[in-house]
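Chain by chain, the residues:
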Amino acid sequence: MKAIQTHSVGGPETLTLDEIDTPVPGAGEVLVEVKACAINYPDTLMIRDLYQFKPERPYSPGGEIAGIVEAIGEGVEDYKVGDKVMAGMGNGGLREKAIVPANRMFPVPDGVPFEKAASLLMTYGTTIHGLKDRGHIKAGDVVLVLGAAGGVGLSAVELAKAYGARVVAAVSSAAKGEVARKAGADEVVIYPRDEMDKAASKELAAAFKAACGPTGANIVYDIVGGQYSEPALRSIAWEGRFLVVGFPAGIAKMPLNLTLLKSCDICGVFWGAFTAREPAKFVAQVTELFEMMKDGKIDPLVSETFPLERAGDAIAKLENREAVGKLVVTMN
């Protein structure tokens, strides 16, 4: 079978398309014929050895898949050959067939295409955990979403609206702003892609404050980091929650005096560790996401698909912050 693999530390250009043996599922595992694998920000970090987890090479990136069960390992009782499934597994998805722990899989809801099924768990899973467990979202909150047109960003817009919040979407272009508005954003702020000096940073903070309103943002959902984090923090409400989700623009150095002045919290959102530490809560949240999808409250936007041999292009596009919605690799 074919697999995209990383053999050495580096960017997307170092990935290779290899022919490897089809693996055999062990106890508690399932072999899945992969139909779609979504690309996520951790994929860009892992191949450069910049992520919290460093799998032994060679391995395939790709931690979010959908496909069909092909073989069952010993002790697996909840699935059978032919079942349509979706799974989040950290890595190993960019290949024609993948081994998945059965406890990391879920049935694909009726009528959901594989591309959308592969785009649900990590993005919406991260966001439902972030907004509910770390952000304590409630109806009437103002939520400022940085990077609001990407896969995680759009999930934050949709879920925040579903929970009754007013959403301010921060994006890097007018076109991305329109995408965020279609997802439900109430206001849009366009921030510069170029490096900002102090005056430009203050100007952006003022724009965030104006869009969020007089009391500020109860929740800042920061998927971007870098030079955008401090202006967002300056727009936060009294006792607001600043959620650290990702940092493709760099790791911000925050002036902690602002946390005192606003009596606010800066909270990390580490979804992968959460799913391992609290599996029952994770399953309950995925069930809630399924219900929201059934009710039409969320709908993953798959903006572009790539064949397996071009998986590196998809990772590069996400790494360069050019993606709108989800990028998905599909198997022919």
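Residues numbered from 1 in each chain as written. Predicted model: local features only at pLDDT ≥ 70, side-chain atom pairs only at ≥ 80, totals over all residues. Heavy atoms only, no water.

## Describing the pairing of strand S9 (residues 166-171)
Here is step 1 of the chain: Counting buried positions over the six residues of S9 gives five, a clear majority of the element.
Here is step 2 of the chain: Where strand S8 (residues 142-146) meets S9, five bridges bridge the pair, whose relative direction is parallel. Each bridged residue has a counterpart across the sheet, and for Val 142 the counterpart in S9 is Arg 166.
Here is step 3 of the chain: Taking the sense of rotation as the criterion, the β-α-β connection linking S8, helix H4 (residues 151-162) and S9 turns out right-handed. (Buried < 20%, exposed > 50% of the residue type's maximum accessible area, 1.4 Å probe, protein only. Helix = DSSP H or I, 4+ residues; strand = E, 2+ residues; numbered from the N terminus. Pairing = 2+ DSSP bridges. Right-handed = clockwise from strand over helix to strand, strands pointing away.)

## Some words on the pairing of strand S12 (residues 236-244)
Here is step 1 of the chain: The pairing of strand S11 (residues 217-222) with S12 spans five bridges and is classified as parallel. Looking at S12, one finds that Asp 222 is bridged to Val 244.
Here is step 2 of the chain: In this fold, S11 hands off to helix H7 (residues 229-234), which returns the chain to S12; that crossover is right-handed.
Here is step 3 of the chain: In the sheet, S12 pairs with strand S13 (residues 265-268) via four bridges, with the strands oriented parallel. In the sheet register, Arg 241 faces S13, and the bridge partner there is Asp 265.

## A few points about the layout of surface pockets
Here is step 1 of the chain: Considered as a void within the structure, the second largest pocket measures approximately 250 Å³ in volume.
Here is step 2 of the chain: Taken together, 14 residues line the second largest pocket, and the ones lying closest to its centre are Asp 197, Lys 198, Ser 201, Gln 227 and Glu 230.
Here is step 3 of the chain: Of all the secondary structure elements, the ones that give two or more residues to the lining of the second largest pocket are helix H6 (198-212) and H7.
Here is step 4 of the chain: Among the elements that line the lining of the second largest pocket, the one with the most residues is H6, at four residues. (1 Å grid on protein atoms, 1.4 Å probe; cavity = no way out; pocket = protein on both sides within 12 Å on 5 of 7 lines; lining within 4 Å. Points joined across faces, edges and corners; volume = space filled by probe spheres on them.)

## Looking at the packing of helix H3 (residues 121-134) against H4
When two helices pack together, their arrangement is captured by the angle between the axes and the distance separating the axes.
Here is step 1 of the chain: Two elements in contact, H3 and H4, have axes whose closest approach is 9 Å; the angle formed by their N-to-C orientations is 50°. Here H4 runs oblique to H3, going by the angle between their axes. Every pair of crossing elements has a handedness; the one defined by H3 and H4 is right-handed. On H4, the residues touching Thr 123, Tyr 124, Thr 127, Ile 128 and Leu 131 of H3 are Gly 151, Val 152, Ser 155, Ala 156, Glu 158, Leu 159 and Ala 160.
Here is step 2 of the chain: Of the residues that constitute the contact of H3 with H4, the class distribution is seven nonpolar, four polar and one charged. (Axes fitted to C-alpha atoms, helices over the stretch in contact; angles between N-to-C directions. Parallel < 35°, antiparallel > 145°, perpendicular 65-115°, else oblique. Left-handed = near helix turned anticlockwise from the far one by under 90°. Contact = heavy atoms within 4.5 Å. Nonpolar A, V, L, I, M, F, W, Y, C, P; charged D, E, K, R; others polar.)

## Focus: the state of the cysteines
Cysteine pairs can be linked by a disulfide, which is a covalent bond between their two sulfur atoms.
Here is step 1 of the chain: Counted under the stated rule, the structure contains zero disulfides.
Here is step 2 of the chain: Cys 264 supplies the cysteine sulfur nearest to Cys 212, a cysteine that is in no disulfide, at a spacing of 13 Å. (Disulfide = S-S within 2.5 Å.)

## Focus on the nonpolar core
Here is step 1 of the chain: Formed by 50 residues in total, the largest nonpolar core has its most connected members in Met 86, Ile 137, Val 145, Leu 159, Tyr 221 and Ile 298.
Here is step 2 of the chain: Ranked by residue count, the leading element in this core is helix H10 (residues 279-294), at six residues.
Here is step 3 of the chain: The residues touching Val 145, leaving out its near neighbours within four places in the chain, are Gly 153, Ala 156, Val 167, Val 168, Ala 169, Ala 170, Tyr 221 and Ile 223.
Here is step 4 of the chain: Judged by nonpolar contacts, the second largest core, of 33 residues, contains Ile 4, Val 32, Tyr 51 and Val 69. (Core = buried A, V, L, I, M, F, W, Y, C linked by side-chain atoms within 4.5 Å.)

## Comments concerning the packing of aromatic side chains
Here is step 1 of the chain: Applying the stated criterion to the full structure yields six aromatic pairs.
Here is step 2 of the chain: Here the aromatic rings of Phe 106 and Phe 290 are separated by 6.2 Å at their centres, their planes lie at 85°, and the arrangement is edge-to-face. Separated by 184 residues along the polypeptide, Phe 106 in strand S7 (residues 105-107) and Phe 290 in helix H10 bring together distant segments of the chain. Accessibility classification places Phe 106 together with Phe 290 in one group, the buried group.
Here is step 3 of the chain: Each residue in the set Phe 106, Trp 271, Phe 282 and Phe 290 is aromatic and connected to the rest through ring pairs, giving one cluster. (Phe/Tyr/Trp six-rings, centres within 6.5 Å; stacked < 30°, edge-to-face > 60°.)

## Things to note about H10
Here is step 1 of the chain: A rise of 1.5 Å per residue sets the reference length of H10, with its 16 residues, at 22 Å; its end C-alpha atoms lie 23 Å apart and thus fit the reference within 8%.
Here is step 2 of the chain: Among all positions of H10, only Phe 282, Gln 285, Val 286, Leu 289, Phe 290, Met 292 and Met 293 are buried. Viewed end-on, H10 has its buried residues packed into an arc of 160°, placing them on one side of the element. Of the exposed residues in H10, the ones pointing more than 90 degrees away from its buried face are Ala 280 and Lys 294.
Here is step 3 of the chain: Here the buried face of H10 lies against strand S5 (84-88), S7, H3, H4 and helix H9 (271-277). (Expected span 1.5 Å × (residues − 1). Arc of directions from axis to C-beta.)

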